[in-house]
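Each chain, letter by letter, is given below.
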Amino acid sequence: MADKNECPKCPDEGLPGWMGTFADMMTLLMCFFVLLFAMSSLDPVKIQMMQESAQKRLGIKNDGAISTVKARPTDTKLEIKRKLDKIVEEMDIQDQAKVVADKRGMAIEFDGSICFGSGSTTLKPEIKRILDRVIDDLNHPTDKRSILVEGHSDNVAPSGNIAKKYPTNWHLSTARAGQVTQYLIANGIAPGRLVSAGYADQWPAKATFAVRQMGKINNTYIEQANVTREDRQANRRIKLVFKTSWS
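Residues numbered from 1 in each chain as written. Predicted model: local features only at pLDDT ≥ 70, side-chain atom pairs only at ≥ 80, totals over all residues. Heavy atoms only, no water.

> For this particular structure, what's the right way to read the side chain of D75?
Within the element layout of this structure, D75 appears in the loop between helix 2 (44–58) and helix 3 (77–90). Here K83 takes part through its side chain, which lies 3.0 Å from a polar atom of the side chain of D75. (Helix = DSSP H or I, 4+ residues; strand = E, 2+ residues; numbered from the N terminus. Polar contact = N/O pair within 3.5 Å; in protein donor to acceptor, adjacent residues only side chain to side chain.)

> Whenever I open this one, the layout of surface pockets confuses me. Can you help?
There is about 250 Å³ of room inside the largest pocket. Lining the largest pocket are 14 residues, with S118, G119, D154, V156 and R236 sitting closest to its centre. Of the residues in the lining of the largest pocket, the class split is five nonpolar, five polar and four charged. The space that makes up the second largest pocket amounts to roughly 160 Å³. (1 Å grid on protein atoms, 1.4 Å probe; cavity = no way out; pocket = protein on both sides within 12 Å on 5 of 7 lines; lining within 4 Å. Points joined across faces, edges and corners; volume = space filled by probe spheres on them. Nonpolar A, V, L, I, M, F, W, Y, C, P; charged D, E, K, R; others polar.)

> Please explain the packing of helix 3 against helix 4 (residues 125–138) as it appears in this structure.
With their axes 11 Å apart at the nearest point, helix 3 and helix 4 run at an angle of 145 degrees to one another. The two elements helix 3 and helix 4 cross, and the hand of that crossing is right-handed. On helix 4, the residues that touch I80, K83, L84, K86, I87 and E90 of helix 3 are R133, V134, D137 and L138. Taken together, the residues of the contact of helix 3 with helix 4 sort by class into five nonpolar, no polar and five charged. (Axes fitted to C-alpha atoms, helices over the stretch in contact; angles between N-to-C directions. Left-handed = near helix turned anticlockwise from the far one by under 90°. Contact = heavy atoms within 4.5 Å.)

> Looking at this structure, how should I read the environment of N187?
The residue N187 is located in the loop between helix 6 (169–186) and strand 4 (194–198) in this model. What makes N187 partly exposed here is its relative accessible area of 35%. Put simply, N187 and D132 are 55 residues apart on the chain and 7.8 Å apart in space, counted from C-alpha to C-alpha. Setting aside residues up to four positions removed in sequence, N187 forms contacts with D132 and I135. (Buried < 20%, exposed > 50% of the residue type's maximum accessible area, 1.4 Å probe, protein only.)

> Help me understand the sheet that holds strand 2 (residues 105–110), please; the structure alone is not making it clear to me.
Sheets are built from strands that pair by backbone hydrogen bonding, the pairs being arranged parallel or antiparallel. In space, the five strands of this open sheet follow the order 1-2-5-3-4, with mixed pairing throughout. The sheet is open, and its two edges are formed by strand 1 (97–102) and strand 4, each paired on a single side. With strand direction ignored, the average angle separating the axes of adjacent strands in the sheet is 20 degrees. Here strand 2 pairs with strand 5 (residues 238–243) via six bridges, running antiparallel. Paired with A107 across the bridge in strand 5 is V241. Packed onto the sheet, helix 3 meets strand 1, strand 2 and strand 5 and runs at close to 20 degrees relative to strand 2. Along the sheet, helix 4 contacts strand 2 and strand 5; its crossing angle with strand 5, the most-contacted strand, is approximately 5 degrees. (Pairing = 2+ DSSP bridges.)

> What am I meant to see in empty space enclosed by the protein here?
Gaps between atoms show up when a probe of the same size as a water molecule is rolled over them. This structure, assessed with the given rule, holds three cavities of 30 Å³ or more. In this structure, the largest cavity occupies an estimated 60 Å³ of space. Contributing to the lining of the largest cavity are V134, I135, L138, N139, I147, L184, I189, L240 and F242. Of the residues forming the lining of the largest cavity, the biggest block, three residues, is contributed by helix 4. Broken down by class, the residue content of the lining of the largest cavity amounts to eight nonpolar, one polar and no charged.

> I'm lost on helix 3 in this one. Help?
Residues spaced three or four apart along an α-helix face the same direction, because each turn holds 3.6 residues. Between its first and last C-alpha atoms helix 3 spans 20 Å; for 14 residues at 1.5 Å apiece the expected length is 20 Å, and the two agree. Inspection of helix 3 places I80, L84, I87 and V88 among the buried residues, and these make up the whole buried set. Within helix 3, the buried residues cover an arc of 95 degrees as seen down the axis, which keeps them to one side. Those residues of helix 3 that are exposed and angled more than 90 degrees off the buried face are R82 and E89. Each element contacted by the buried residues of helix 3 is listed here: strand 1, strand 2, helix 4 and strand 5. The first or second residue beyond helix 3 is D92, which carries a positive phi of 55 degrees. (Expected span 1.5 Å × (residues − 1). Arc of directions from axis to C-beta.)

Laid out in structure tokens, this is it:
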């Protein structure tokens, strides 16, 4: 009887040669997707929504057990907008505040007329009253996402006594943002959530986030945005941005 290894019709032992190349390709693909996943940032809001949807379909009741997802924020971008819109409507401040959206999240802007007196960094009672309501409605203990506190000014340089303490609008707008930040902290907002910044006259009220991002705000743009007394008053504003992501 002939040896099997000498039989030309008998298949070779082991896997075919192409399987080695195929296995290498699969390994490389797996490494590629692992790297993609490692570099991605998961949206905690969407994760929580998926978990709640799965629990609902499976008939699982949430009994309050400790969960890393449960501890994440519950307000989506749309929910934050609805809450801010409700505050503006119920407090009847449509002329002094507006709700806007950009890539960072949802924001509420307060007209300069209700924030500070001329050349002052002392918060007016009107802005304190609105901030109190914002804190009550949007300060969730489990929400760790950042809140940006932005101070803005017109293009008129400080003068007189105020200029001795705040020689430029950069100093003045930063100090005003700092005052709002301190008030929020004193009333229960976690300091780690707050990011304070002054923009001076470099971001007029009529300029959107996209306009600023594209670098279209120059000296001519700023001058045209500060022509009237109403323009300058609108530019002297405070803006709170509620970030809707963890980045």
